[in-house]
Amino acid sequence: MSLCDLLRVPPIFIMDELFKSSFGFPDLADIIFPVNNAFVNSTLNQAEIGESTQYYKAIFLSFIKIIVSCLIFCSSSCLFVLPARYLYLVYFHVVSVCIVLLSYWSNIQTLKVLSGKYENFQTDSIHEVITWDVDGILHLFTQLQIRHFLYLLIRNIILQCCLSLVFDFLQVFTTNHSISKVFSFSFVIPTFISLVPGTHGILNTVTVLSTLLPLFIMLKTLWLNIFTITNLIRDGYSHARETINNYGISAMVEVEWLRLKIPSVLRIFWAIRVLEQILYLLTDMEIQNETLFGAVKYLLIKGCDTFTAVLGMTSFVSYFCHYIGVFF
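Note that the coordinates shown come from a computational prediction; the quantities given were computed from them, not determined experimentally.

Caption draft 1: Representation of the overall build of the protein chain within the structure. When helices and strands are tallied, the protein chain shows 18 helices and zero strands. A burial count over the protein chain gives 32% of its 328 residues as buried. The contacts in the protein chain between residues at least 6 apart in sequence include a share of 75% that link residues at least 24 apart. If you sum the accessible surface of the protein chain, you get close to 21,300 Å²; carbon and sulfur atoms cover 71% of it.

Written out as structure tokens, the structure reads:
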């Protein structure tokens with residue numbers, strides 16, 4: 001098991017969830033062919049349903065759900081078959097987005113506490129400094145709340161600096177050049193702005209703008225590499241077509257099967273999926289009273305309720321059967 005195998009597991013989970021929802025087709029079928037539907041059992045009859053705006057709106061939303069599900073499935077499939085080099089780059093960009101969102105959340109939470117509890121602290125402290133009231137200054141900074149204020153402030157600054165460094169490192173790794181210091185400084189701008197008296201009304205706007213700056217860098221990077229992405233897709237399609245024309249589809253499947261290490265990836269996926277079901281068994285009060293046989297039966301049923309789950313279970317069983325055969 002390698003890191004690349006682990007990185008191929010999340011796309012399988014996405015496809016597994018899409019298989020669970022059947023890509024939204026059951027919802028569309030319930031709307032078009034309603035049977036024992038609450039909407040039908042209302043005062044409207046079939047003719048009124050056909051003329052209802054809500055009816056067509058529901059059909060339209062169901063079609064949108066199906067289209068979005070298909071696009072997500074295709075994107076997950078493309079991510080799954082990416083070479084290791086490009087797979088790492090995709091995850092680096094995903095981590096960068098998570099860092100930006102974490103920075104935004106941390107700024108919002110910290111500034112909410114600071115503006116809610118300590119909105120009068122800045123005015124009082126400035127007044128004490130201007131009047132050079134030493135006793136007043138000592139009184140302010142010896143209170144437990146002021147210590148908590150400074151603790152929140154310094155903690156957020158340290159966190160934002162760390163996030164900025166990690167974001168800069170990821171950008172250097174993915175684009176081979178560092179970002180401007182202005183964009184790195186945007187992580188801590190909301191915290192410094194909050195120290196200025198009378199700026200509590202614009203803190204949310206400043207936080208949003210400071211979050212948009214790193215996202216702008218990522219969108220710019222994506223736009224500059226759009227031709228690289230299209231060339232990668234075109235080269236992959238050409239390679240697959242050439243392999244099928246020269247050696248047949250079975251040879252291409254065999255080569256990709258070995259390159260992607262699909263049995264190993266499916267085993268990891270199914271093991272994590274079963275572990276998730278076990279944790280659900282431990283937390284669900286209704287299933288906690290089940291016997292051991294009932295719990296095992298539940299895990300076996302839930303372990304093969306989708307196409308990807310069946311593949312994962314099959315790879316897991318075949319792995320053990322292989323070594324049992326080798327032993328005998």
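Caption draft 2: Representation of the pattern of salt bridges. Evaluated as defined, the whole model comprises four salt bridges. Close ionic contact of lysine 20 with glutamate 17 constitutes a salt bridge, the shortest N to O distance being 3.5 Å. Here glutamate 17 and lysine 20 lie together in helix H2 (residues 9–20), a separation of three residues that amounts to about one turn. Owing to a relative accessible area of 42%, glutamate 17 belongs among the partly exposed residues under this scheme.

Caption draft 3: Region of interest: the state of the cysteines. In total, this model carries zero disulfides according to the counting rule given. No disulfide involves cysteine 70; its nearest neighbouring cysteine sulfur is the one of cysteine 74, lying 6.7 Å away. Note on cysteine 70: relative accessible area 34%, which makes it partly exposed.

Caption draft 4: Spatial organisation of the nonpolar core. By size, the foremost hydrophobic cluster in this structure holds eleven residues: Val9, Ile12, Phe13, Met15, Phe80, Leu260, Ile262, Val265, Leu266, Ile268 and Phe269. Only H2 and helix H15 (262–283) provide two or more residues apiece to this core. Top contributing element to this core by residue count: H15, with five residues. In terms of domain composition, this core takes at least three residues from each of domain 1 (3–34 + 46–81) and domain 3 (261–327). Formed by seven residues, the second largest nonpolar core is a distinct cluster that contains Ile99, Val100, Phe167 and Met218.

Caption draft 5: Geometry of the environment of threonine 211. The topology assignment puts threonine 211 in helix H12 (residues 203–224). We classify threonine 211 as buried; its relative accessible area is 10%. Not counting residues within four places of it along the chain, the set of residues in contact with threonine 211 comprises Val100 and Tyr104.

Caption draft 6: Spatial organisation of the side chain of arginine 273. Checked against the element boundaries, arginine 273 lands in helix H15. The exposure class of arginine 273 is buried, given its relative accessible area of 3%. Discounting chain neighbours no more than four positions away, the residues touching arginine 273 are Phe13, Asp16, Lys20, Lys302, Gly303, Asp305, Thr306 and Ala309.

Definitions and limits used
- Residues numbered from 1 in each chain as written.
- Predicted model: local features only at pLDDT ≥ 70, side-chain atom pairs only at ≥ 80, totals over all residues.
- Heavy atoms only, no water.
- Helix = DSSP H or I, 4+ residues; strand = E, 2+ residues; numbered from the N terminus.
- Buried < 20%, exposed > 50% of the residue type's maximum accessible area, 1.4 Å probe, protein only.
- Contact = heavy atoms within 4.5 Å.
- Areas by Shrake-Rupley, 256 points an atom, 1.4 Å probe, with all protein chains shown as cover.
- Salt bridge = Lys/Arg side-chain N within 4 Å of Asp/Glu carboxyl O.
- Disulfide = S-S within 2.5 Å.
- Core = buried A, V, L, I, M, F, W, Y, C linked by side-chain atoms within 4.5 Å.
- Domains from an automatic or database assignment.

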